[in-house]
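Close look at the chain arrangement
Each chain is listed here by its residues.
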Amino acid sequence: MAQFKFPQNLADHLENEIYNKLIASVQIDVDRYNAMWAKREQEGKTFHTEQTWHGEEKIYWYAKSKGLLDITFHQEMDSYYKKMTNDYYRPMSCIVDLKACFENAREQRNHSVALAEQRVNSHLAVTDQLDIRSTDDLKLGSHNLIEGCVTGLTNDSEHFQIQLQMMYNYRYGENSANGYMTQYVQFRSNRYGARQEGKSVQQAITDADRQAKRDEKLAIQNEKQMAKWAKFQKLPVVMEKWIDKEIKTLAAIISDEGLAKIRLQAQQMNYEFDEAWKIKSITKDIETHNALRNDLRHWQNDETGLKSLFDKGIDTRNKLKEMYGV
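The text that follows walks through the structure, step by step, so that each part is easy to find. (Residues numbered from 1 in each chain as written. Predicted model: local features only at pLDDT ≥ 70, side-chain atom pairs only at ≥ 80, totals over all residues. Heavy atoms only, no water.)

1. Considerations on helix 5 (residues 256-269)
- Relative to the 20 Å expected for 14 residues at 1.5 Å per residue, helix 5 spans 20 Å between its end C-alpha atoms, a close match to the ideal helical length.
- Those residues of helix 5 that fall on the buried side of the exposure criterion are Gly258, Leu259, Ile262 and Ala266. One face of helix 5 carries all of its buried residues, which in axial projection span an arc of 95 degrees. Exposed side of helix 5, more than 90 degrees from the buried face: Asp256, Glu257, Lys261, Gln267 and Gln268 are the residues found there.
- The secondary structure elements touched by the buried residues of helix 5 are helix 4 (235-253) and helix 6 (275-299).
- Asn270 sits one or two positions beyond helix 5 and adopts a positive phi of about 60 degrees. (Helix = DSSP H or I, 4+ residues; strand = E, 2+ residues; numbered from the N terminus. Expected span 1.5 Å × (residues − 1). Buried < 20%, exposed > 50% of the residue type's maximum accessible area, 1.4 Å probe, protein only. Arc of directions from axis to C-beta. Contact = heavy atoms within 4.5 Å.)

2. Focus: the nonpolar core
- Grouped together as the largest cluster of nonpolar side chains are 43 residues, with contacts concentrated most on Phe6, Val26 and Met166.
- Among the elements that line this core, the one with the most residues is helix 1 (residues 8-42), at ten residues.
- Aside from chain neighbours lying at most four places away, what touches Phe6 is Ala11, Leu14, Val113, Ala116, Glu117, Ile146 and Met166. (Core = buried A, V, L, I, M, F, W, Y, C linked by side-chain atoms within 4.5 Å.)

3. Focus: unusual backbone geometry
- Of note in the backbone geometry, Ser157 takes a positive phi value of approximately 65 degrees without being a glycine.
- Residue Asn270 is not a glycine yet carries a positive backbone phi of 60 degrees.
- Mapped onto the fold, Asn270 is located in the loop between helix 5 and helix 6.
- Classification of Asn270 as exposed rests on a relative accessible area of 72%.

4. What to know about the packing of aromatic side chains
- Under the criterion given, the structure shown has 14 aromatic pairs.
- On the numbers, 5.3 Å between centres and 85 degrees between planes, the contact of Trp37 with Trp61 is edge-to-face. Of this pair, Trp37 sits in helix 1 while Trp61 sits in the loop between strand 2 (55-58) and strand 3 (69-78), and the two are 24 residues apart along the sequence. No difference in accessibility class separates Trp37 from Trp61, as the two residues are buried.
- Seen from their ring centres, Tyr80 and Tyr81 are 4.9 Å apart, and the 85 degrees between their planes marks the pair as edge-to-face. In this pair, the class of Tyr80 matches that of Tyr81, namely exposed.
- Grouped by ring-pair contacts, the aromatic residues Tyr60, Tyr62, Phe73, Tyr88 and Tyr89 constitute a single cluster. (Phe/Tyr/Trp six-rings, centres within 6.5 Å; stacked < 30°, edge-to-face > 60°.)

5. Digging into the pattern of salt bridges
- Taken as a whole, this structure holds 17 salt bridges when the rule is applied.
- The closest approach of N and O atoms between Glu17 and Lys21, which form a salt bridge, is 3.2 Å. Highlighted residues: Glu17 and Lys21, both in helix 1, separated by four residues, approximately one helical turn.
- With its nearest N and O atoms 3.1 Å apart, the salt bridge here joins Lys319 to Asp315.
- For Asp315, a relative accessible area of 10% puts it in the buried group.
- Each of Asp12, Glu15, Arg106 and Arg109 takes part in salt bridges that share partners, so that together they form one network. (Salt bridge = Lys/Arg side-chain N within 4 Å of Asp/Glu carboxyl O.)

Nothing here speaks to function; it is geometry throughout.
Structure (structure tokens):
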């Protein structure tokens, strides 16, 4: 399947444009903040204030240090941790965080390139073949414009071309995604010549991505299910020990000693004790527990039967107990 890839030289041009403009935009804040903070220090102040709906409050600058500014704060000794820590109310100076700007510019470039590739690939059929030199026709135009044609042949050897115009401009300040400058791209694209037949390359890419995500999700589910099965396999041995104790406890209730304690309690609390009903009820409970114990012993040597039960949804200790009513 032929797939359009955006030319590397144009992608690099986009990144350099973004990077340089982003640094220039951040530098404006750097100059402004450094002047503001220097003036504060000259005035003998240790913090700035702003008006909020709570009233006048000190400005906390921590969030700014996580953006595109590299800020140096005044250091104070923390009395609890016994070490020097930043006073985020008192920034001293800042510079442009070049690494953060580069990473942000690379993310913006990748976003713009992906949009361009999606636009062209939406005009390509999965059976089309691209002219390997066709991306050379894409050129930088004036006024932030990338334009040109991508050409190729259909499965029937018919010629086609896709005209692309990629206009990019910039959003600054509060209108940008990062608070400084974000590239915004717009496209015009059309296919001429032979018609596009069948599924587009972009749809095939989208379908493949969706299938990959489904496969990944299924793999995770299968892994969890296998771990659950490994744990469930140990239940017959573990539960047999537990149910042995339960049966002994039940048997003790209707033993001579156990019944005698219940009679005495009934006499002290002045209520009528139905001994026959108690024996019948507990005997039934013991039979139920015995049935589960016998099956637990059987499953210890019958993994197939245990797996069949697991596959039916009886896959936890509580569900197994509910199934037998114990």
